[in-house]
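Residues per chain are reported as follows:
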Amino acid sequence: MIAVGSDHGGYELKEPIIKYLMDRELEVKDFGAFDGENSVDYPDYGLAVAESIISGECKRGIIICGTGIGISIAANKVPGIRAALCTDCYMARMSREHNNANILALGSRVLGKGLALQIVETWLDTEFTGERHQKRLDKITGIEEKYIK
Ligand code: RB5
C-alpha cells in the first residue's frame, strides 16, 4: 500500500500521482487533502502519511505541498521516517539506493506534472543498495535515539 497526502498547495499534483499509481495497479491510501481551495496545514498530512508507514499499514509514502519543503520537514520528525524532497530523477534514484527513503516529497509549485510522474516512477522502481549505506542509516537512527525522550 502506498500512502499519499498533500496540503491544498499540493492537491493539484496529488490527483495525477494517484491516477498513475492506480494505473500501475498499486494499492493507494489517500490521506487528503481533498480539494485545493480550502487552506489546510501541511504538518497534519505529513504526519498522517508518516504514521501510516511506521504502523506498517503502508509500505511507502508520497507527500506533496507547494514546495515539498514544509511537509517533508514535518514527516521527518517521526522517528524511522526518511522523507526525501526530490526535484529530479537522479535525486529520486539516489534517495532509494543510498538513503532508503520511505517517503518521497514533491513540490507541486516547483515541478511540472510530467517530470513529477517520472520522479515517482524512478523512485518506486529503485531499490536500496544496502551495504556501506546501511551503517550511515544506522547513525541517523542513533541521532533519533539520542533525542527521543
Ligand atoms: C502553503 O501555502 C505552502 O506554504 C505549503 O504548501 C508549502 O509550500 C510549505 O512548505
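Everything numeric in this text was worked out from a predicted model, so none of it was measured.

Details of the site of the ligand
Inspection of the region around the ligand gives Asp7, His8, Tyr42, Cys65, Gly66, Thr67, Gly70 and Arg109 as its neighbouring residues. Backbone polar atom of threonine 67 to an oxygen atom of the ligand: 3.0 Å apart, as the coordinates give it. Contact between the ligand and glycine 70: an oxygen atom at 2.9 Å from a main-chain N or O atom of the residue. Protein contact buries 71% of the 290 Å² of open area that the ligand shows by itself. Of the residues belonging to the shell around the ligand, the class tally is two nonpolar, four polar and two charged.

Quick word on the packing of aromatic side chains
The description of an aromatic ring pair rests on the distance of the ring centres and on the angle between the ring planes. If you walk through the whole model with that rule in mind, you get zero aromatic pairs. The ring of tryptophan 123 carries arginine 60 above its face, with NZ or CZ at 4.8 Å from the centroid.

Describing the nonpolar core
The biggest cluster of nonpolar side chains holds 22 residues, and the ones touching the most others in it are Ile17, Leu21, Ile62, Leu104, Leu106 and Val120. The biggest single contributor to this core is helix α5 (residues 113-124), with six residues. In terms of nonpolar packing, the next biggest core, distinct from the first, is built from 17 residues, Ala33, Tyr45, Val49 and Ile53 among them.

What to know about the environment of serine 72
Structurally, the position occupied by serine 72 is in helix α3 (residues 69-75). Sequence spacing of serine 72 and asparagine 38 is 34 residues, and the spatial spacing of their C-alpha atoms is 21 Å. Not counting the four nearest positions on each side in its chain, serine 72 is found in contact with Ile63, Ala83, Leu85 and Ala105.

Some points on the side chain of aspartate 7
Tracing the sequence through the fold places aspartate 7 in the loop between β1 (2-6) and α1 (11-23). Of the buried charged residues, aspartate 7 lacks a salt bridge, with arginine 109 as the closest side chain of opposite charge at 6.2 Å. Filtering out sequence-adjacent residues up to four positions away, aspartate 7 remains in contact with Ala33, Val40, Tyr42, Tyr45, Ile64, Cys65, Gly66 and Ile71.

Re the pattern of salt bridges
Taken as a whole and assessed by the stated rule, the structure comprises seven salt bridges. Between lysine 14 and aspartate 30 there is a salt bridge, and its shortest N-O distance comes to 3.0 Å. Of the two residues, lysine 14 sits in helix α1 while aspartate 30 sits in strand β2 (residues 28-30), which places them 16 residues apart along the sequence. For lysine 14, a relative accessible area of 0% gives the class buried. Of the charged contacts in the structure, one is a salt bridge between arginine 96 and glutamate 127, with a shortest N-O distance of 3.9 Å. Of this pair, arginine 96 sits in helix α4 (residues 89-97) while glutamate 127 is found in the loop between α5 and α6 (132-147), placing the two residues 31 residues apart along the sequence. Classification of glutamate 127 by relative accessible area gives exposed; the value is 52%. One network of salt bridges, with partners in common, ties together Lys14, Glu15 and Asp30.

Digging into the environment of alanine 48
With respect to the element layout, alanine 48 can be found in helix α2 (residues 42-54). Since its relative accessible area comes to 23%, alanine 48 is described here as partly exposed. Between the C-alpha atoms of alanine 48 and aspartate 88, which are 40 residues apart in sequence, the distance is 25 Å.

Examining the packing of α4 against α5
Where α4 meets α5, the closest approach of the two axes is 8 Å, and the angle between their N-to-C directions is 25°. Taken together, the axes of α4 and α5 are roughly parallel relative to one another. The way α4 lies across α5 gives a crossing that is right-handed. Of the residues in α5, those in contact with Cys89, Ala92, Arg93, Ser95 and Arg96 of α4 are Gln118, Ile119, Thr122 and Trp123. Here the residues of the contact of α4 with α5 sort into four nonpolar, three polar and two charged.

Each value, and the rule that gives it
- Residues numbered from 1 in each chain as written.
- Predicted model: local features only at pLDDT ≥ 70, side-chain atom pairs only at ≥ 80, totals over all residues.
- Heavy atoms only, no water.
- Near = heavy atom within 4 Å.
- Polar contact = N/O pair within 3.5 Å; in protein donor to acceptor, adjacent residues only side chain to side chain.
- Areas by Shrake-Rupley, 256 points an atom, 1.4 Å probe, with all protein chains shown as cover.
- Nonpolar A, V, L, I, M, F, W, Y, C, P; charged D, E, K, R; others polar.
- Phe/Tyr/Trp six-rings, centres within 6.5 Å; stacked < 30°, edge-to-face > 60°.
- Lys NZ or Arg CZ within 6 Å of the ring centre and 35° of its normal.
- Core = buried A, V, L, I, M, F, W, Y, C linked by side-chain atoms within 4.5 Å.
- Buried < 20%, exposed > 50% of the residue type's maximum accessible area, 1.4 Å probe, protein only.
- Helix = DSSP H or I, 4+ residues; strand = E, 2+ residues; numbered from the N terminus.
- Contact = heavy atoms within 4.5 Å.
- Lys, Arg positive; Asp, Glu negative; His and termini not counted.
- Salt bridge = Lys/Arg side-chain N within 4 Å of Asp/Glu carboxyl O.
- Axes fitted to C-alpha atoms, helices over the stretch in contact; angles between N-to-C directions.
- Parallel < 35°, antiparallel > 145°, perpendicular 65-115°, else oblique.
- Left-handed = near helix turned anticlockwise from the far one by under 90°.

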